[in-house]
Amino acid sequence: TEAIGLYNLGQSCCLNSLLQVFLMNICFTRILRRITVPSSPRQKRNNVPYQMLLLLEKMQCGKCKAVGPTDLAYCLSEHRVELFVQHDAAQLFLTLWNLLKKQMKKPELVEELSDLYTICIQEHLACQKCSFAVKSNSSMLTLPLPVLDANSHRLKTLEDCLQYFFHPEELTGQNMCFCQQCGRKTTFLQSMKLIHLPQTLTLHLKRFCFERSSRTYKLSHSLPFPQELDLREVLTESQCQADDSEKATWQYELFAVVAHSGSTSCGHYCAYIRSLTECKWYCFNDSEVCQVSWDDVKCTYGHSNLCWRETAYLLFYMKKHPQ
């Protein structure tokens, strides 16, 4: 009944934040509780879903304010996930999800895990000189949303970022593509259309910029995000490739925010998560857990002059009316 923290094992704040987001998601834990338990002690030690299940049970049965994710961390190190280093939350989220999917033996659970998190996109490439066009479907775990446009101007809201991500782009100059019909490189129009959205929608705000000098820096300007998000109101008809029954489920409510503070070379992660049973917001900062308000969560919008302050990096939205 009480939110439990996770002890920091040494630069494990990123891992701790993501584990809390996974384990506070009731839809995810329903899948996790039905996994096949490995038979041998060695298989148990090296199985990520099983070790995550043990950690969940430890958190729910314990009477401490925090528990140590030591066994799970050891298990991850066996799968080449480095410990005691700074991780990028978006990359580590993908790594954890892939390990979970790979090690779940029941096909129906793998399918449920995919349905829970996977976004389906259709990419269009159309030659601007003739009628030649190519369409291809792909799946994504997160939508990587730019926070700057092509002219390095700041995008002002989350809705602006979503619209910009799905805005058609003209491929000219060095980016031109070879047209089979024209027999040469021509200007193409590249666009993406949304086909399907999952129960848990993950948005990655691309706050970290890479320069040619290999230096990275953080974009900390204010970028508000709503508690409720209706993708039908954000995207145009031309940006969607879905029927009305699919689009009817595109109403979301904010579930969690993984926020980053500090610089790219010396930073810290924590998670703000809305309990699905109590509908209250909590801040999970390693071993420290406390109830917070929506105003506290809004502090992660960002601030241009305070680069070291907490800034939202991953946003997790849950469907309000799933099918």
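Please read all numbers here as calculations on a predicted model, not as lab measurements.

A. A look at the overall build of the protein. Scanning the protein for helices and strands turns up eleven helices and 18 strands. In terms of overall dimensions, the protein is globule-like: its C-alpha atoms have a radius of gyration of 21 Å, near the 20 Å expected for 323 residues. For the protein, the spread of C-alpha atoms along the three principal axes comes to 65 × 50 × 40 Å. Put simply, of all contacts in the protein between residues at least 6 apart along the chain, 67% involve residues at least 24 apart. Summed over all atoms, the accessible surface of the protein reaches about 16300 Å², with 49% contributed by carbon and sulfur.

B. Spatial organisation of the sheet that holds strand β3 (residues 119-127). In space, the four strands of this open sheet follow the order β4-β3-β9-β6, with antiparallel pairing throughout. The outermost strands of the open sheet, each flanked by one partner alone, are β4 (133-140) and β6 (169-171). With direction set aside, neighbouring strand axes in the sheet form an average angle of 30°. Across eight bridges, β3 lies against β4 in antiparallel orientation. Bridge pairing in β4 links Ile119 to Met140.

C. Representation of the pattern of salt bridges. One pass over the structure, following the stated rule, counts six salt bridges. A salt bridge links Lys320 to Glu228; its shortest N-O distance comes to 3.3 Å. Of the two residues, Lys320 is situated in the segment after β18 (311-319) and Glu228 in strand β13 (residues 228-230); the sequence distance between them amounts to 92 residues. For Lys320, a relative accessible area of 30% corresponds to the partly exposed category. Judged by relative accessible area, which is 49%, Glu228 ranks as partly exposed.

D. Spatial organisation of the domain arrangement of the protein. For the protein, the assigned domains are domain 1 (1-118) and domain 2 (142-166 + 199-322). The straight-line distance from the C-alpha centre of domain 1 to that of domain 2 is 22 Å. Taking both sides of the interface into account, the surface hidden between domain 1 and domain 2 amounts to around 2300 Å²; carbon and sulfur atoms contribute 66%. Summed over the three residues of domain 1 that lose the most area to domain 2, namely Val21, Met24 and Gln86, the buried surface amounts to 23% of that side. For the pair domain 1 and domain 2, the interface holds one salt bridge. Residue Glu288 pairs with Lys65 through a salt bridge whose shortest N-O separation is 2.7 Å. At the junction of domain 1 and domain 2, the tally comes to ten residue pairs in polar contact (both at pLDDT 80 or more). Elements that contribute at least two residues to the side of domain 1 that touches domain 2 include exactly β1 (5-6), α1 (13-23), α2 (26-32), α6 (89-103) and α7 (107-117). If you tally residues by element for the side of domain 1 that touches domain 2, the top one is α1, at seven residues. Of the residues in the side of domain 1 that touches domain 2, the class split is 17 nonpolar, ten polar and three charged.

E. Local environment of the nonpolar core. Of all hydrophobic cores here, the largest spans 54 residues; its most connected members are Phe28, Tyr117 and Val258. For this core, the two domains that each supply at least three residues are domain 1 (1-118) and domain 2 (142-166 + 199-322). Sequence-distant contacts of Phe28, defined by excluding residues within four places in its chain, comprise Phe22, Leu23, Met52, Leu100, Leu113, Leu116 and Tyr117. Core analysis: the next-biggest nonpolar cluster, separate from the first, contains 43 residues, Met140, Tyr252, Val257 and Cys283 among them.

Definitions and cut-offs
- Residues numbered from 1 in each chain as written.
- Predicted model: local features only at pLDDT ≥ 70, side-chain atom pairs only at ≥ 80, totals over all residues.
- Heavy atoms only, no water.
- Helix = DSSP H or I, 4+ residues; strand = E, 2+ residues; numbered from the N terminus.
- Rg over C-alpha atoms; globule rule 2.2 N^0.38 Å.
- Contact = heavy atoms within 4.5 Å.
- Areas by Shrake-Rupley, 256 points an atom, 1.4 Å probe, with all protein chains shown as cover.
- Pairing = 2+ DSSP bridges.
- Axes fitted to C-alpha atoms, helices over the stretch in contact; angles between N-to-C directions.
- Salt bridge = Lys/Arg side-chain N within 4 Å of Asp/Glu carboxyl O.
- Buried < 20%, exposed > 50% of the residue type's maximum accessible area, 1.4 Å probe, protein only.
- Domains from an automatic or database assignment.
- Buried area = accessible area lost by both parts, 1.4 Å probe.
- Polar contact = N/O pair within 3.5 Å; in protein donor to acceptor, adjacent residues only side chain to side chain.
- Nonpolar A, V, L, I, M, F, W, Y, C, P; charged D, E, K, R; others polar.
- Core = buried A, V, L, I, M, F, W, Y, C linked by side-chain atoms within 4.5 Å.

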